[in-house]
Structures are given as structure tokens and as C-alpha cells.
Amino acid sequence: LKTKKQINRVRNLIQTSTDYPLRNRLLFDIGINNGIRTIDILALTVSDVVDSKGYPKSETTIIESKTGKKRTVRFNKDIQAEITTYLAKRPFKSDWLFPSTKQRNKHLTTQAVYRMFKRISDGEPTLKGLTAHSMRRTFGYHFYQKTHDIVTLMKIFNHSSQAITLRYIGVEKEDIDKELAGFKL
């Protein structure tokens with residue numbers, strides 16, 4: 001998702017066309033604001049996001065499932081407000097932030113999240129190819145557009161080269177040419 005308009009369109013579709021709009025919106029917003037893998041979002045517990053008094057945290061530390069490395073997940077003020085609303089209104093209690101609706105002692109599956117994004121993508125031609133992994137790529141693309149710091153992004157994603165990271169986030173030759181068009185010393 002390379003534009004704010006596309007991001008807001010997905011948020012709107014999540015709000016209006018999914019069975020669990022508060023849950024799915026929170027999941028999406030955590031994903032696009034942190035760039036962590038879907039499985040790591042789904043592994044969050046309630047104690048990861050709220051303190052002992054029940055107030056939303058500004059960040060938590062996780063161990064990434066794929067790399068085994070520590071990673072800080074940040075919750076901006078909007079996400080903190082979403083956490084509060086979601087936890088107050090979710091239909092049942094669980095230690096998991098995103099519990100499965102079928103097996104409440106387990107978290108939601110990545111397959112369920114992929115199905116949600118597929119339904120959204122199938123119903124919206126401008127969002128073709130949207131997947132759960134799009135959240136991570138969206139974060140990367142917008143982080144790069146804002147900072148142009150490919151080295152830090154490469155470290156965040158644990159990629160072995162800048163070329164892999166640029167390809168991963170969808171920065172194309174045309175984007176680079178546009179950046180260089182007005183360059184002059």
C-alpha cells in the first residue's frame with residue numbers, strides 16, 4: 001500500500017466488511033506501524049500491550065519467531081486508543097490479544113488473517129494482491145519514503161542486502177530515477 005488513500009481504503013473495508021472490525025483494525029494498524037510479521041502480531045498477549053493497571057503500553061519487546069531476535073513493537077497514541085476500545089468490547093476474555101474464535105486457548109491463525117485480506121482484495125480491484133504480508137511491506141515502503149534510510153530498514157527487516165530490501169518494499173527503478181531527477185551539486 002503505497003498511498004495514504006489505499007491505507008485508509010483498507011481501514012474502511014476492515015471496518016465495514018469483516019466480522020471483527022475492531023480486532024482486525026487493531027491488527028492492521030499494529031502491522032503497518034511496526035513492520036513485524038503477521039505471526040508475531042498474532043502472538044501478542046494482553047500483558048504485552050497493557051500494564052498491570054490495564055493502561056495501554058507505549059511499547060513492548062518481542063522475540064521474532066523467524067529470527068529469534070528481540071524487537072521493540074511500538075504503540076502510538078492512536079493504537080493505544082484502539083487497544084483500549086478493543087479490549088473493552090471484545091466478545092470474550094483471553095490471554096491472547098487476538099484469540100481464535102474457534103479455539104479460545106489459541107491465538108488467531110495466520111491463515112485466518114490471509115483469508116481476511118483475500119476477501120478484501122477480491123472485492124476491491126484497486127487492492128489486488130493484498131495479503132497479510134502487505135502490512136510489513138507497507139511499513140517498509142513508508143519508512144523508506146520518510147527517512148530514505150535503507151540501512152536501518154535493512155536491519156529492521158534482517159535482510160542481507162540493500163537490494164533485497166528495496167525490492168521487498170517495492171521501490172522500483174522509476175522511483176529512484178524520480179528521486180535523482182532534480183539532484184545537482
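Our subject is the structure listed above.
Because the structure is a prediction, the values reported are computed rather than measured.

Q: I'd like a rundown of the nonpolar core, residues and numbers included.
A: Judged by nonpolar contacts, the single largest core of 36 residues is most densely connected at F28, I30, L97, F98 and F117. Contributions of two or more residues to this core are made by helix 1 (4-17), helix 2 (21-34), helix 3 (38-42), helix 4 (46-49), helix 5 (77-89) and helix 6 (110-122). F117 has contacts with V10, F28, L130, T131, A132 and M135, leaving out every residue within four places of it along the chain. Core analysis: the second largest hydrophobic core is formed by 11 residues, Y144, L166, Y168 and V171 among them.

Q: Any chance you could break down helix 7 (residues 134-147) for me, citing the residues and the numbers?
A: Residues separated by three or four positions in an α-helix point in the same direction, a consequence of the helix having 3.6 residues per turn. Its 14 residues place the ends of helix 7 20 Å apart at the C-alpha level, agreeing with the 20 Å of an ideal helix rising 1.5 Å per residue. S134, M135, R136, T138, F139, G140, Y141 and Y144 are the residues of helix 7 that are buried. The positive-phi residue at the C-terminal boundary of helix 7 is H148, with phi of around 55°.

Q: An account of the packing of helix 7 against helix 8 (residues 150-157) is needed here, citing residue identities and associated values.
A: At a minimum axis distance of 10 Å, the contact between helix 7 and helix 8 shows a crossing angle of 160°. The angle between helix 7 and helix 8 places the two elements in the roughly antiparallel class. Classified by chirality, the crossing of helix 8 by helix 7 is right-handed. Across the interface between the two elements, R136, F139, G140, F143 and Y144 of helix 7 pack against I150, T152, L153, I156 and F157 of helix 8.

Calculation rules
- Residues numbered from 1 in each chain as written.
- Predicted model: local features only at pLDDT ≥ 70, side-chain atom pairs only at ≥ 80, totals over all residues.
- Heavy atoms only, no water.
- Core = buried A, V, L, I, M, F, W, Y, C linked by side-chain atoms within 4.5 Å.
- Buried < 20%, exposed > 50% of the residue type's maximum accessible area, 1.4 Å probe, protein only.
- Helix = DSSP H or I, 4+ residues; strand = E, 2+ residues; numbered from the N terminus.
- Contact = heavy atoms within 4.5 Å.
- Expected span 1.5 Å × (residues − 1).
- Axes fitted to C-alpha atoms, helices over the stretch in contact; angles between N-to-C directions.
- Parallel < 35°, antiparallel > 145°, perpendicular 65-115°, else oblique.
- Left-handed = near helix turned anticlockwise from the far one by under 90°.

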